[in-house]
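# Reading the structure
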Amino acid sequence: HMEAAYDKGVVDAAEAKTLTDAQLGQANENTANMKAAYYRGIADALEAKAYTDAELDEANKKSAHMKSATAHMMVAYDKATSNARLLFDTQLNKANTETAHMEAAYD
């Protein structure tokens, strides 16, 4: 009986070892899959960051161009306003001079 129990214990231990080895193999495979997914996630995040950085750079360039264009338009507006005011003042002075001459001639 003791020998049979011993033999059965040896068989049970071998079966338990086989089961444990299989579980360890599965755990190692799961760990490898999780590591691969983790590194894929990092690569995807870096790619997304590079894309976002490029988009931000492009937006900053467009913003700078818009600021420059706005500054040019404001200079052009100021110049046009100044020219219009000068022309108006010149015409007003001319009209005042003609009015003064007409008044003098009337007197």
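Above this text is the structure in question.
Residues numbered from 1 in each chain as written. Predicted model: local features only at pLDDT ≥ 70, side-chain atom pairs only at ≥ 80, totals over all residues. Heavy atoms only, no water.

### Quick word on the packing of aromatic side chains
This model, assessed by the stated rule, comprises one aromatic pair. Centroid distance Tyr38 to Tyr39: 5.2 Å. Interplanar angle 70°. Geometry classified as edge-to-face. Judged on exposure class, the residue Tyr38 and its partner Tyr39 are both exposed. (Phe/Tyr/Trp six-rings, centres within 6.5 Å; stacked < 30°, edge-to-face > 60°. Buried < 20%, exposed > 50% of the residue type's maximum accessible area, 1.4 Å probe, protein only.)

### Thoughts on the pattern of salt bridges
A side chain of one charge can pair with a side chain of the opposite charge when the charged atoms of the two come close. If you walk through the whole model with that rule in mind, you get five salt bridges. Here Lys17 and Asp21 are joined by a salt bridge, their closest N and O atoms 2.7 Å apart. Taken as a pair, Lys17 and Asp21 lie in helix α1 (residues 2-106) at a separation of four residues, close to a single helical turn. On the accessibility criterion, Lys17 (51% relative accessible area) is exposed. Relative accessible area serves as the criterion here: at 39%, Asp21 is assigned to the partly exposed category. Here Asp53 ties to Lys49 by a salt bridge, and the two come within 2.6 Å at their closest N and O atoms. Here the residue Asp53 and the residue Lys49 both occupy positions in helix α1, the gap between them amounting to four residues, near one helical turn. For Asp53, a relative accessible area of 36% corresponds to the partly exposed category. (Salt bridge = Lys/Arg side-chain N within 4 Å of Asp/Glu carboxyl O. Helix = DSSP H or I, 4+ residues; strand = E, 2+ residues; numbered from the N terminus.)

Honestly, that's just the spatial picture; any functional story needs more than this.
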